[in-house]
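Residues per chain are reported as follows:
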Amino acid sequence: MSNTIYCKQGHLVVPDNPIIPYIEGDGIGQDIWKQAQQVFDCAVEKAYQGRKKVDWLELLAGKKAYDQTGSWLPPETMTSIKQYLVAIKGPLETPVGGGIRSLNVALRQELDLYACQRPVRYFQGIESPLKHPEKTNMVVFRENTEDIYAGIEWEAQTAEVQTLIHFLQTEMKVNQIRFPASSSIGIKPISIEGSKRIIRAAIEYALANDLRRITLVHKGNIQKFTEGGFRKWGYELAQQEYGPYLQSGKLQINDIIADNFFQQALLHPEKFDVIVLTNLNGDYASDALAAQVGGIGISPGANINYETGHAIFEATHGTAPDIAGKNQANPCSLLLSGAMLFSYIGWQEVADRIQKAIETAIANQEMTADLAQACSTRALSTSQFVARLLDYL
Ligand code: NAI
């Protein structure tokens with residue numbers, strides 16, 4: 001098992017030739033994975049001159065898996081990710097209807113990948129709706145397992161929802177349901193453990209990366225015990241576990257109500273380093289922040305469990321069926337997710353090289369069609385863009 005990454009007392013042990021599983025993904029996944037792999041291998045080679053090398057292992061999921069095995073998420077795929085700890089994936093087609101849950105959600109739940117990490121930064125040369133997009137440089141930590149994503153809800157006018165509403169009215173003395181006969185009801189669980197582990201992950205990340213400010217983003221003014229609890233437990237955790245860092249000023253913890261956060265993120269984005277949010281707020285915020293730096297198509301992401309070490313790095317866009325197979329897709333989201341993966345396993349030199357190559361290409365107005373149009377520049381195909389990156393590496 002000498003080629004397997006493993007986790008020892010919360011720290012990753014990474015061999016020089018680790019096996020890293022990948023899921024190519026559907027649609028444009030097939031266009032971008034092969035291209036991205038060339039960039040990854042070249043960056044590793046340049047950084048370590050043959051002393052280290054990744055042994056990529058293909059796993060099946062999504063449409064490709066269904067066509068080959070009859071299963072959208074074969075059990076061997078899950079077993080291998082559990083075994084090899086760290087994986088990277090392209091976008092997956094989730095069949096609509098038929099009771100098949102989202103493959104991405106299934107992977108996150110099965111591995112309890114509670115931290116969704118999304119760095120948001122500007123690449124000089126990309127068209128953005130902001131006057132100073134370069135001031136936006138923050139890392140989003142979105143809680144991935146609780147909140148309304150737990151999927152606990154009942155449809156209006158069913159026997160189940162009537163039972164629940166009756167219970168709420170009679171046993172819990174709830175009288176605020178405005179239209180009880182026609183309301184659907186959803187439940188939002190937010191726990192002390194769930195909140196503290198994501199906030200701890202954000203603080204650890206900030207300390208490891210010399211970032212000072214942690215901002216808890218919440219709607220505690222309206223939802224006192226769920227969103228308000230998240231805020232309260234965040235401050236509690238910071239005092240209990242990081243007191244000396246707070247006193248020395250190495251760490252600052254503050255909070256902001258979610259709607260004000262969206263305003264401030266547009267007006268004064270430089271005020272934020274690391275932000276931590278509950279699941280739904282985090283969903284909105286990560287896409288809105290990516291859009292304000294013009295990079296919604298190139299923003300990377302990771303889903304991580306810091307205790308077990310399990311992590312899946314992924315392109316955040318979908319399978320883009322409209323351009324699949326046309327050699328037009330932008331590989332940057334997958335490439336930057338790969339950079340996050342290398343950083344996570346401690347191969348920072350590789351991560352830096354990938355980022356730098358992308359920075360150089362975009363600054364030179366070398367970009368794929370999705371970005372080129374807004375910049376009034378000629379679009380490169382996926383393979384032409386990757387050839388430029390290989391030159392810059
Ligand atoms: P989408 O992200 O695939 O496409 C939206 C638009 O963005 C399209 O015009 C597409 O051409 C463009 N686009 C997306 N990625 C691009 C890239 N890398 N380069 C250039 N242009 C790009 O979203 P849509 O259409 O809502 O979903 C299509 C499929 O993808 C669905 O089956 C959905 O379930 C799946 N999906 C999978 C995700 C994942 O696996 N993480 C995330 C989102 C959607």
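Each value, and the rule that gives it
Residues numbered from 1 in each chain as written. Predicted model: local features only at pLDDT ≥ 70, side-chain atom pairs only at ≥ 80, totals over all residues. Heavy atoms only, no water. Pairing = 2+ DSSP bridges. Helix = DSSP H or I, 4+ residues; strand = E, 2+ residues; numbered from the N terminus. Axes fitted to C-alpha atoms, helices over the stretch in contact; angles between N-to-C directions. Contact = heavy atoms within 4.5 Å. Near = heavy atom within 4 Å. Polar contact = N/O pair within 3.5 Å; in protein donor to acceptor, adjacent residues only side chain to side chain. Nonpolar A, V, L, I, M, F, W, Y, C, P; charged D, E, K, R; others polar. Expected span 1.5 Å × (residues − 1). Buried < 20%, exposed > 50% of the residue type's maximum accessible area, 1.4 Å probe, protein only. Parallel < 35°, antiparallel > 145°, perpendicular 65-115°, else oblique. Left-handed = near helix turned anticlockwise from the far one by under 90°.

Per an unreviewed UniProt entry, the chain carries the name Isocitrate dehydrogenase [NADP] and comes from Streptococcus zhangguiae.

(A) Highlighting the sheet that holds strand 11 (residues 252–257). Strand order across the open sheet formed by 10 strands is 4-3-5-14-13-6-7-12-10-11, with mixed pairing between neighbours. Across the chains shown, the open sheet's two edge strands, defined by having one partner strand only, are strand 4 (55–58) and strand 11. Strand-to-strand twist of the sheet, defined as the mean angle between neighbouring strand axes without regard to direction, takes the value 25°. Sheet analysis places strand 13 (residues 300–304) next to strand 14 (residues 311–315), joined by five bridges and oriented antiparallel. By the bridge assignment, A302 is partnered in strand 14 with F313. Across the sheet, helix 10 (residues 332–344) lies against strand 3 (19–23), strand 4, strand 5 (86–89), strand 6 (115–121), strand 13 and strand 14, angled at about 160° from strand 14, the strand it touches most.

(B) Expanded view of the site of the ligand. The immediate surroundings of the ligand are formed by 18 residues, with L92, G318, A320, D322 and N330 found nearest. The separation between a nitrogen atom of the ligand and a polar main-chain atom of N330 is 2.9 Å. Grouping the amino acids of the shell around the ligand by side-chain chemistry returns eight nonpolar, six polar and four charged.

(C) Representation of helix 6 (residues 192–208) within the structure. Here helix 6 spans 24 Å end to end across 17 residues, near enough to the 24 Å set by a 1.5 Å rise per residue. Those residues of helix 6 that sit buried are G194, S195, K196, R197, I198, I199, A201, A202, I203, A206 and L207. In this structure, the buried residues of helix 6 make contact with strand 6, strand 7 (137–143), strand 10 (213–218), helix 7 (227–248) and strand 12 (274–277). You can read the cap of helix 6 off the contacts: a side-chain oxygen lies 2.8 Å from the backbone nitrogen of G194, and it is on S191.

(D) The packing of helix 6 against helix 7, seen in detail. Following both chains from N to C, one finds helix 6 and helix 7 inclined at 45°, their axes separated by 9 Å at the closest point. By the angle class used here, helix 6 and helix 7 are oblique. Helix 6 and helix 7 meet at a crossing whose hand is right-handed. The segment helix 6 lies against helix 7, with I192, S195, K196, I198, I199, R200, I203, E204 and L207 engaging F230, W233, G234, E236, L237, A238, Q240, E241, Y242 and Y245.

(E) Molecular detail of unusual backbone geometry. The backbone phi angle of Q49 is positive, close to 45°, even though this residue is not glycine. Within the secondary structure, Q49 is located in the loop between helix 1 (29–48) and strand 4. Although it is not a glycine, S376 adopts a positive phi angle of roughly 50°. Residue placement: S376 occurs in the loop between helix 12 (369–372) and strand 16 (379–380).

(F) Seen up close, the environment of E146. In this fold, E146 is placed in the loop between strand 7 and strand 8 (153–154). Classification of E146 by relative accessible area gives buried; the value is 12%. A sequence separation of 134 residues divides E146 from L280, and the C-alpha atoms of the two residues are 9.1 Å apart. Among the polar contacts made by the side chain of E146, one reaches the side chain of S191 at a distance of 2.6 Å.

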